[in-house]
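If you want the building blocks of each chain, they are given just below.
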Amino acid sequence: IIDADLGMANVDVVMGAMSKYNLMHLLQDDVSLVDIVMQGPCGVKFVSGGSGLEQMANLSVQDRSKLMAKLYECEQMADIILVDTGAGLSHNVLDFIVAADEVILLTTPEPTAMTDAYAVLKAYSMYASNKDIKLVVNRIYDEAEARDVVLKLVRTADRFLKLPLKVLGNIYEDRNMMNAVKKQRPLL
């Protein structure tokens, strides 16, 4: 897992581990990806994005290129690499989205989240060469709520962006998830 919610990262907190290093350290010439990868529970390795690091939120083009070049080493370390970009459409987020082999857009039924999801779809349609994006609706209470979100986003993406949006499914609101995060324990 690469926590690419730069400046507001928290994967290390969720994993119940303290990270000595974060993505910011990769900007140093003498630090490699192997140096900053942490071991989490259940054999999951992760890279912290660093929290409270304002400079991470506003990386220069050169720094972003250097960071991305070092992160490509992940392909040698894992079969699946999950990159959590967090919300927003900064250049940092777009670099990660465009570099990904597969993009899964996670949104919730709130109107603000759906507006943000459309903004990501719009940027993705303009910058990504691979126009394959998938949708998951999180924190739903019933199937009707999920269908409403899916219908709105699929129609809007098709009509205004000519972007096919594949739907992977929904995730119900679950108090067990909240409890797992509080306990810093994985939940299956």
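Everything here concerns the structure above.
Treat the numbers as computed from the prediction; the structure is a model and nothing was measured.

**Things to note about the packing of helix α4 (residues 61-71) against helix α5 (residues 91-99)**
Between α4 and α5, the least distance of the axes is 11 Å, while the angle of their chain directions is 35°. Between α4 and α5 the crossing geometry is right-handed. Taking contact as the criterion, the partners of Arg64, Leu67, Met68 and Leu71 in α4 are, on α5, His91, Asn92, Asp95, Phe96 and Ala99. Residues of the contact of α4 with α5, tallied by class, amount to 5 nonpolar, 2 polar and 2 charged.

**Looking at the sheet that holds strand β5 (residues 103-107)**
Spatially, 3 strands are ordered β5-β6-β7 in an open sheet, and the strand pairing comes out parallel. Because the sheet does not close on itself, it has two edges, and the strands there are β5 and β7 (165-172). Averaged over all adjacent pairs, the angle separating strand axes in this sheet is 25°, with direction ignored. Pairing analysis gives 7 bridges linking strand β6 (residues 133-140) to β7, with the strands arranged parallel. Paired with Asn138 across the two strands is Ile171, which belongs to β7. Most of the contacts of helix α6 (residues 111-127) go to β5, to which it runs at about 160°, and overall it touches β5, β6 and β7.

Calculation rules
Residues numbered from 1 in each chain as written. Predicted model: local features only at pLDDT ≥ 70, side-chain atom pairs only at ≥ 80, totals over all residues. Heavy atoms only, no water. Axes fitted to C-alpha atoms, helices over the stretch in contact; angles between N-to-C directions. Helix = DSSP H or I, 4+ residues; strand = E, 2+ residues; numbered from the N terminus. Left-handed = near helix turned anticlockwise from the far one by under 90°. Contact = heavy atoms within 4.5 Å. Nonpolar A, V, L, I, M, F, W, Y, C, P; charged D, E, K, R; others polar. Pairing = 2+ DSSP bridges.

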